[in-house]
Amino acid sequence: MAVLHPTLHARSALTAGAYRELDVLRELEDGLPGGWDVFHNLDWASVFNGRPQVGEVDIAVVSPGGFLLLVEVKAGAIDEQDRGLVKRYGNETSDIGAQLRRNHAALLSRLKDASLRDVRAGTLLVLPDHHLQAPVLAHTPEGIVDAAAWAQLCARVQQLVPWQAVGDEARGRLLDFLANRFHVVPDVSVQVGQVQRASAALASGLATWVPSVQHDSGLYVVDATAGSGKTQLALALLRDAHAARQRSAYVCFNRPLADHMARIAPSSCVVTTFHELAVEHARRQGEEPDFRQPGIHERLASSFADDAATAQARWDLLVVDEHQDFDPAWVQALLGLLAPQGRAYVMGDPAQQVYARDGFALPDAVAIRCMDNFRSPRKVVEAINMLRLAPQAVQARSPFAGDVPGFHTHAPGAGLRATEDCIRQLLGQGMQPEQIAVISFAGLQNSAVLKAEALAGLRTRRFRGEYDKAGNALFTQGDLLAETVYRFKGQSAPVVVLCEVEFAELGEKELRKLFVGFTRAQFRVECVLSEPAAQLLMARAG
């Protein structure tokens, strides 16, 4: 299978001709063997006799040996005139043969400018909607694929490629040339911003169609993988409720996630965690909780759930997030606070269940499932599937290929130093401290990283393990975020350094924590792990 640049997920066809071009791309992607690369919609710029010229190549195919084949797709109506085949665009016409020759000459000139003189280039005209009745002088029979020869498209492409190779180094430079990869120092911040914007736009799918699903029960369970757009769905639901002047609430498990949602949700919406609701309930009963007491949150949660059955309905819309971390009694308690005609969306991801909770079923609910991940780079998702970190294969939908996760092994007792070395490498490559989240696989009490006031010379912003009288978590002051897997679940960062990954056996709990850690990153993942843990992971990968 060939590699497509970019993937078709990031592109939509708007015209009939564009749909036919997509057919050609899919045929080439599926029909060519591994080692081939297919680029599409390539804009080129050149200067001829002192005048700038621009154009576009529909498809460029690069063979394993570095031969470049320019493919021009002409679908729909084509006119035959004295000068040859002509494609009409509105009131203008384009000579197909001249266009092919112009693109070919321009690419040869640009290859020369790029010191790629050894790269040979050919052309192929694809007429998917026409039959060629007779040979023509301007094109060899082998250089045209019409409707009759459509099934032989990939075979024809391979036949047009000469055997002589240009070498791996020249082929690599050719791929960089076609991908517009400039040999300059990259501005990583700009790249990160582009990836974040593109992923957010693509992940809006759930927010587009899920709210249109209607059911008499008003109850919906959304099981969606990490990076599928659950946060955008929640935000869309809350905004719609605000516009309709409905009472709404967003309830999750992790306080950091609630803090994030509170910043972006409508002001009329109640944004809280389940345990904060339990604290609020206790105070309405006249109790002032002492958060220094062991097990205080569990006791308050139990009291809230017991009393919810007799409580007055509060909300027209309820969004429960991170349902995999909720006790079944908590969910039922929250549903009891819903108005008679209200709607509830219970969202989560079973693959991210890192707490020992009993499962629950809502028989009257509409079940919605989605395994599309738009957040994680495609190569990260490939690693997740190869390591089988999730019970079900995740579909990579990000337009950004990214890099394979980095694995940094260390000897016993050297985890902190290995983590700092990894952070220094990232900083040296242009990453900013605020773009990096250092996520500890170890618990808060067992983490050397989370006890460090500074990492790689940067002061850390980390949870102190204490709460103020209002139940708010207290943090140290610093530029580099350091958190646990548990507390960072439901959030994301451009770059994630998953550190202190140590285990003697690879069970379900470890797999889920790894899955959570890997899927937090929007741009890059670095994993710092012990040698025994690395051996177990590699054995799982086969």
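Our subject is the structure listed above.
Just so it is clear, the model here is predicted, and its values are computed rather than measured. (Residues numbered from 1 in each chain as written. Predicted model: local features only at pLDDT ≥ 70, side-chain atom pairs only at ≥ 80, totals over all residues. Heavy atoms only, no water.)

*Asks:* Requested: an account of the overall build of the chain, with residues and values cited.
*Replies:* Of the regular secondary structure elements, the chain holds 16 helices and 25 strands. Each of the 542 residues in the chain was classed as buried or not, and the buried ones make up 50%. In the chain, the proportion of contacts linking residues at least 24 apart, taken out of those at least 6 apart, comes to 68%. Of the roughly 26,300 Å² of accessible surface on the chain, 50% is carried by carbon and sulfur atoms. (Helix = DSSP H or I, 4+ residues; strand = E, 2+ residues; numbered from the N terminus. Buried < 20%, exposed > 50% of the residue type's maximum accessible area, 1.4 Å probe, protein only. Contact = heavy atoms within 4.5 Å. Areas by Shrake-Rupley, 256 points an atom, 1.4 Å probe, with all protein chains shown as cover.)

*Asks:* I'd like a description of the packing of aromatic side chains, backed by residues and values.
*Replies:* Scanning the entire structure with this criterion turns up 10 aromatic pairs. With 6.0 Å between their ring centres and 75° between their planes, phenylalanine 326 and tryptophan 330 make a pair best called edge-to-face. Residue class for phenylalanine 326 comes out buried when judged on its relative accessible area of 0%. Considering the side-chain rings of phenylalanine 441 and phenylalanine 503, the 5.9 Å spacing of their centres and the 55° angle between planes classify their relative orientation as tilted. Linking phenylalanine 441 in the loop between β19 (436-440) and β20 (454-455) with phenylalanine 503 in the loop between β24 (493-501) and α15 (508-518), this pair joins segments that are 62 residues apart in sequence. (Phe/Tyr/Trp six-rings, centres within 6.5 Å; stacked < 30°, edge-to-face > 60°.)

*Asks:* Can you lay out the nonpolar core for me, pointing to particular residues and giving the numbers?
*Replies:* Core analysis: the biggest nonpolar cluster contains 34 residues, and Leu389, Leu498, Val501, Leu514, Phe515 and Phe518 have the highest contact counts within it. Where this core is concerned, the elements lending two or more residues are α12 (378-386), β19, α14 (485-488), β24, α15, β25 (521-530) and α16 (531-541). Here the element with the most residues in this core is α15; it accounts for five residues. Per-domain counts for this core show at least three residues from each of domain 2 (189-372) and domain 3 (379-541). Of all hydrophobic cores here, the second largest spans 32 residues; its members include Leu219, Ala249, Ala282 and Ala333. (Core = buried A, V, L, I, M, F, W, Y, C linked by side-chain atoms within 4.5 Å. Domains from an automatic or database assignment.)

*Asks:* Account for helix α13 (residues 415-428), with residues named and values stated.
*Replies:* Between the first and last C-alpha of α13 there are 20 Å, a value that for 14 residues agrees with the 20 Å anticipated at 1.5 Å per step. All of the buried residues in α13 are Gly415, Ala418, Thr419, Glu420, Cys422, Ile423 and Leu426. Looking at the buried positions of α13, the neighbouring elements they touch are β18 (406-410), β19, β20, β23 (480-484), β24 and β25. Of the residues one or two after α13, glycine 430 is the one with positive phi, at around 105°. (Expected span 1.5 Å × (residues − 1).)

*Asks:* Give me the lowdown on the packing of helix α10 (residues 296-307) against helix α11 (residues 328-335), citing residues and values where you can.
*Replies:* Packing of α10 against α11 brings their axes to within 9 Å, and their N-to-C directions diverge by 45°. As judged from the angle between their axes, α10 and α11 are oblique. The two elements α10 and α11 meet at a crossing, and its hand is left-handed. Taken together, the residues of α11 that come into contact with α10 (itself represented by Ala301, Phe304 and Ala305) are Ala329, Trp330, Ala333 and Leu334. The residue inventory of the contact of α10 with α11, partitioned by class, reads seven nonpolar, no polar and no charged. (Axes fitted to C-alpha atoms, helices over the stretch in contact; angles between N-to-C directions. Parallel < 35°, antiparallel > 145°, perpendicular 65-115°, else oblique. Left-handed = near helix turned anticlockwise from the far one by under 90°. Nonpolar A, V, L, I, M, F, W, Y, C, P; charged D, E, K, R; others polar.)

*Asks:* Before we move on, could you go through the pattern of salt bridges and cite the residues and values that matter?
*Replies:* Taken as a whole, this structure holds 17 salt bridges when the rule is applied. The shortest N-O distance in the salt bridge between aspartate 259 and arginine 255 comes to 2.7 Å. You can see aspartate 259 and its partner arginine 255 sitting in helix α8 (residues 255-264), four residues apart, about one turn around the helix. A relative accessible area of 21% means that arginine 255 is categorised as partly exposed. (Salt bridge = Lys/Arg side-chain N within 4 Å of Asp/Glu carboxyl O.)

*Asks:* Now, about the sheet that holds strand β13 (residues 315-320): what can you tell me, with residues and values included?
*Replies:* Spatially, the six strands line up as an open sheet ordered β12-β11-β13-β14-β10-β15, and their pairing is parallel. This sheet does not close on itself; its edge strands, each paired only once, are β12 (270-273) and β15 (366-370). Adjacent strand axes in the sheet meet at a mean angle of 15°, parallel and antiparallel pairs treated alike. Alignment of β13 against strand β14 (residues 338-348), held across five bridges, turns out to be parallel. By the bridge assignment, leucine 318 is partnered in β14 with alanine 344. (Pairing = 2+ DSSP bridges.)

As far as function goes, none of this settles anything; it's purely spatial.
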